[in-house]
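Observations on the three-dimensional arrangement
Chain by chain, the residues:
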Amino acid sequence: MRRIMFIALLLLTGCATAPTQTNNVCAVFDQRDGFFNNWYKQAKSVETEYGVPVPILMATIYTESGYRARVKPPRTKLFGFIPWSRPSTAYGYSQALDGTWADYQRETGRWTARRTDFSDAVRFVGWYHARSHQMNGIPLNDAYNLYAAYYAGPNDFARGTWRSKPGIDRSARRTAAIAGTYAAQLNNCGL
């Protein structure tokens, strides 16, 4: 009985920490290739369901959370030093906002989905990118514009107001570069 509890504890501990080698998608997948928690299989399943390539899914999550399950935006400071409120309700791997996550749960029927579960978060990212494709005509292999729409939201993306925000452009360029690197690496993973 103790041996089973020890093994279960080891399995759970491995799930709780972020991968340490995040610049190589093959290493990320190697670090998360467990029987119950296989990130490659989960991301590939989302690619099949929504048509968004695995490198774009993974680059989006890397940009959003650095593969950390419980990350939140940093608190603002009152008077420059007193920790105050957070600028948004973004949370988890996908940094999905409360309202957007609720929309996802309602539209997909995934009421038990959690933002701290990689499988649920990568499925959310695929759903969101597919929705951006439907609403704004963004090709599913266009990492730059998919991420810009992810960051800005579908309405701001459609209006083009995000173009005057250099932070969005910077993040979208970074995400597109990561997706390109991940795509090249994925070809050599042997997965």
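The rules we used
Residues numbered from 1 in each chain as written. Predicted model: local features only at pLDDT ≥ 70, side-chain atom pairs only at ≥ 80, totals over all residues. Heavy atoms only, no water. Helix = DSSP H or I, 4+ residues; strand = E, 2+ residues; numbered from the N terminus. Buried < 20%, exposed > 50% of the residue type's maximum accessible area, 1.4 Å probe, protein only. Contact = heavy atoms within 4.5 Å. Areas by Shrake-Rupley, 256 points an atom, 1.4 Å probe, with all protein chains shown as cover. Core = buried A, V, L, I, M, F, W, Y, C linked by side-chain atoms within 4.5 Å. Phe/Tyr/Trp six-rings, centres within 6.5 Å; stacked < 30°, edge-to-face > 60°. 1 Å grid on protein atoms, 1.4 Å probe; cavity = no way out; pocket = protein on both sides within 12 Å on 5 of 7 lines; lining within 4 Å. Points joined across faces, edges and corners; volume = space filled by probe spheres on them. Nonpolar A, V, L, I, M, F, W, Y, C, P; charged D, E, K, R; others polar. pLDDT = per-residue confidence, 0-100. Salt bridge = Lys/Arg side-chain N within 4 Å of Asp/Glu carboxyl O.

If you tally the helices and strands in the protein chain, you get nine helices and two strands. Mapped from its N terminus to its C terminus, the protein chain presents α and β elements in the order α-α-α-α-β-β-α-α-α-α-α. Classification of the 191 residues of the protein chain by burial places 45% in the buried group. Long-range contacts, defined here as pairs at least 24 residues apart, represent 52% of the contacts in the protein chain between residues at least 6 apart. Of the roughly 10,700 Å² that the protein chain leaves accessible, carbon and sulfur atoms contribute 55%.

Turning our eyes to something else, we now look at the nonpolar core. Phe29, Trp39, Met58, Tyr67 and Phe124 are the most contacted members of the largest nonpolar core, which totals 50 residues. Those elements that provide at least two residues to this core are α2 (25–31), α3 (39–50), α4 (54–65), α5 (98–108), α6 (118–136), α7 (143–152) and α9 (166–186). Among all residues touching Tyr67, those that are not within four sequence positions of it are Ala18, Pro19, Thr22, Val28, Trp39, Met58, Ile61, Tyr62, Tyr93 and Tyr182.

For the rest of this paragraph, the subject is the environment of Pro139. Structurally, the position occupied by Pro139 is in the loop between α6 and α7. Under the relative-accessibility criterion, Pro139 is labelled partly exposed at 40%. Sequence spacing of Pro139 and Gly51 is 88 residues, and the spatial spacing of their C-alpha atoms is 9.9 Å. Pro139 has contacts with His133 and Leu146, leaving out every residue within four places of it along the chain.

Next up on the list: the packing of aromatic side chains. What the rule picks out here adds up to 20 aromatic pairs. The rings of Trp101, Tyr104, Phe124, Trp127, Tyr128, Tyr147, Tyr150 and Tyr151 are connected pair by pair, giving a single aromatic cluster.

Relative to the assigned elements, Ala90 resides in the loop between β2 (82–83) and α5. The exposure class of Ala90 is buried, given its relative accessible area of 8%. Residues Ala90 and Arg115 lie 25 residues apart in sequence; the distance between their C-alpha atoms is 9.5 Å. If near-sequence neighbours (up to four positions away) are discounted, Ala90 is found in contact with Val71, Lys72, Pro73, Gln95, Ala96 and Leu97.

Of the pockets and cavities examined, the second largest pocket occupies roughly 450 Å³. Lining the second largest pocket are 17 residues, with Glu64, Ala90, Gln95, Tyr150 and Tyr151 sitting closest to its centre. Elements that contribute at least two residues to the lining of the second largest pocket include exactly α4, α6 and α7. Residue contributions to the lining of the second largest pocket peak at four residues, all from α7. Across the lining of the second largest pocket, the residue classes tally to nine nonpolar, seven polar and one charged.

Turning our attention to the confidence of the model for the protein chain. For any part of a model where pLDDT is low, the fine detail of the predicted coordinates should not be relied upon. Averaged over every residue, the pLDDT of the protein chain is 88; the share at 70 or more is 89%. The secondary structure element of the protein chain with the lowest average pLDDT is helix α1 (residues 2–16), at 45, and the one with the highest is α4, at 98.

What follows deals with the pattern of salt bridges. Taken as a whole and judged by the stated rule, the model has nine salt bridges. The partner of Glu49 in a salt bridge is Arg123, and the shortest N-O contact between them spans 2.3 Å. Linking Glu49 in helix α3 with Arg123 in helix α6, this pair joins segments that are 74 residues apart in sequence. Each of Asp156, Arg159 and Lys165 takes part in one network of salt bridges that share partners.

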